[in-house]
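A closer look at the structure
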Amino acid sequence: MHPMLTNAVKAARLAGTIINRASQDVGSIKVHSKNYNDFVSEVDHAAERAIIETLQALYPDHGFIGEESGHDRVDAEHVWIIDPLDGTTNFLHGFEQYSVSIALMSRGQLEQAVVFDPSRNDLFTATRGRGAFLNDKRIRVSNRAKLQSSMIGTGFPFRDFKHLDTYLGMFKDMIKNTAGLRRPGSAALDLAYVAAGWFDGFWEIGLSKWDIAAGALLVQEAGGIVGDFEGNETWIDTGNIVAGNPKVFAQMLQVLAPHLTDELKSKYQAVISE
Ligand code: IPD
Ligand code: CA
Ligand code: CA
């Protein structure tokens, strides 16, 4: 294993221990609401602190983008992108579907990825150019050829409803054109499941970098494709993301195409970043 990945795994397992311990008694966890339907607990904070302290001690020159602690030295050559607990709502309800997500971006390119599911002890890892793994076993995206027989993961809008009607239009067409949709509630794990071939594809609107950075590299290293709703590269900045095996990915874009508002098209991102 690449040494940087080994250290990211160490940090993810440390966070996982904090999460597992707290999951024994979710009722006593202190929670506060960041925004409407956006909850953060002392566990999210403690897990992120453990990850950053571990990596910072080893790599004092590296930058960090953490969901709970914000940005630090993001112009550094190496930047860690961290979601200490992806699926907080599930966690707080005792619904065991959540993960720790850690990615390393070096000179603008995703290089290392860890998505750790602490309740199942499932460790998904990838290093650019070296493939994707689940607990040391190589994983690959599915080879299902038809969207109609595919199982697709997604995430519903639940905090910001500006794209809700658009999403529901996409949802309706996806229901009609697939074998089934699932909404487990941790985008990082959803992407890991695409990498493992358990989902044939995944899409969601408006995710954050920390939700998708690690999972996207897992998908790419497992032979899948990641893009925005037009198949382009803006997904890491917009969080408008589609992922899948190459055949299903192309068919998902076709289903989504009639629903794209200007804001969900790749060129919108180019215009607002000018
Ligand atoms: C959320 C989860 C969820 C997705 C949301 C994310 P959080 O992350 O990934 O599946 O639908 O959009 O924000 O807030 O639990 O870290
Ligand atoms: Ca998240
Ligand atoms: Ca989170």
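Residues numbered from 1 in each chain as written. Chains lettered and ligands numbered in written order. Predicted model: local features only at pLDDT ≥ 70, side-chain atom pairs only at ≥ 80, totals over all residues. Heavy atoms only, no water.

**As for the sheet that holds strand 11 (residues 151–154)**
With mixed pairing, the five strands of this open sheet are ordered in space as 12-11-13-15-14. If you trace the sheet from one side to the other, it starts and ends with strand 12 (180–182) and strand 14 (225–227), each paired once. Averaged over all adjacent pairs, the angle separating strand axes in this sheet is 15 degrees, with direction ignored. The pairing of strand 11 with strand 13 (residues 201–204) spans three bridges and is classified as parallel. Of the residues in strand 13, the one forming a bridge with G153 is F202. Contacts between helix 6 (residues 209–221) and the sheet are confined to strand 14 and strand 15 (241–244), with strand 14 contributing the most and set at about 140 degrees to the helix. (Pairing = 2+ DSSP bridges. Helix = DSSP H or I, 4+ residues; strand = E, 2+ residues; numbered from the N terminus. Axes fitted to C-alpha atoms, helices over the stretch in contact; angles between N-to-C directions. Contact = heavy atoms within 4.5 Å.)

**Some words on the sheet that holds strand 3 (residues 63–66)**
Note on sheets: strands pair through backbone hydrogen bonds, and any given pair is parallel or antiparallel. An order of 4-3-5-6-7-8-9-10 is seen for the eight strands of this open sheet, with the pairing classed as mixed. Two strands in the sheet have a free side with no partner beyond their single neighbour: strand 4 (70–72) and strand 10 (137–139). Sheet twist, expressed as the mean angle between neighbouring strand axes with direction ignored, is 20 degrees. Two elements, strand 3 and strand 5 (residues 78–86), share four bridges in a ladder whose sense is parallel.

**Some remarks on the site of ligand 1**
What surrounds ligand 1 is a group of 15 residues, the closest being D86, G87, T88, R159 and E204. Contact between ligand 1 and D83: an oxygen atom at 3.2 Å from a side-chain N or O atom of the residue. R183 is positioned with one of its side-chain polar atoms (N or O) 2.9 Å from an oxygen atom of ligand 1. No other element matches the three residues that strand 5 contributes to the shell around ligand 1. Each residue belonging to the shell around ligand 1 can be placed in one class, and the counts come to four nonpolar, four polar and seven charged. Both domains that meet at the shell around ligand 1, namely domain 1 (3–139) and domain 2 (147–261), each give it at least three residues. (Near = heavy atom within 4 Å. Polar contact = N/O pair within 3.5 Å; in protein donor to acceptor, adjacent residues only side chain to side chain. Nonpolar A, V, L, I, M, F, W, Y, C, P; charged D, E, K, R; others polar. Domains from an automatic or database assignment.)

**Here's the deal with the packing of aromatic side chains**
The geometry of an aromatic ring pair is captured by two quantities: the separation of the ring centres and the angle between the planes. If you walk through the whole model with that rule in mind, you get ten aromatic pairs. Aromatic pair F124 and Y193: ring centres 6.3 Å apart, planes at 50 degrees, arrangement tilted. Of this pair, F124 sits in strand 8 (residues 122–127) while Y193 sits in helix 5 (residues 187–196), placing them 69 residues apart in sequence. Each member of the pair, F124 as well as Y193, is classed as buried. Here the aromatic residues F124, Y193, W198 and F199 are joined through ring pairs into a cluster of three or more. For R183, the ring lying beneath its charged end belongs to F156, and the centroid distance is 5.4 Å. (Phe/Tyr/Trp six-rings, centres within 6.5 Å; stacked < 30°, edge-to-face > 60°. Buried < 20%, exposed > 50% of the residue type's maximum accessible area, 1.4 Å probe, protein only. Lys NZ or Arg CZ within 6 Å of the ring centre and 35° of its normal.)

**Focus: unusual backbone geometry**
One non-glycine residue, R73, adopts positive backbone phi at about 50 degrees. Of note, R73 is situated in the loop between strand 4 and strand 5. The backbone of N135 sits at a positive phi, close to 45 degrees, despite the residue not being glycine. Tracing the backbone through its elements, the reader meets N135 in the loop between strand 9 (132–134) and strand 10. Accessibility expressed as a relative area gives 35% for N135, which makes it partly exposed.

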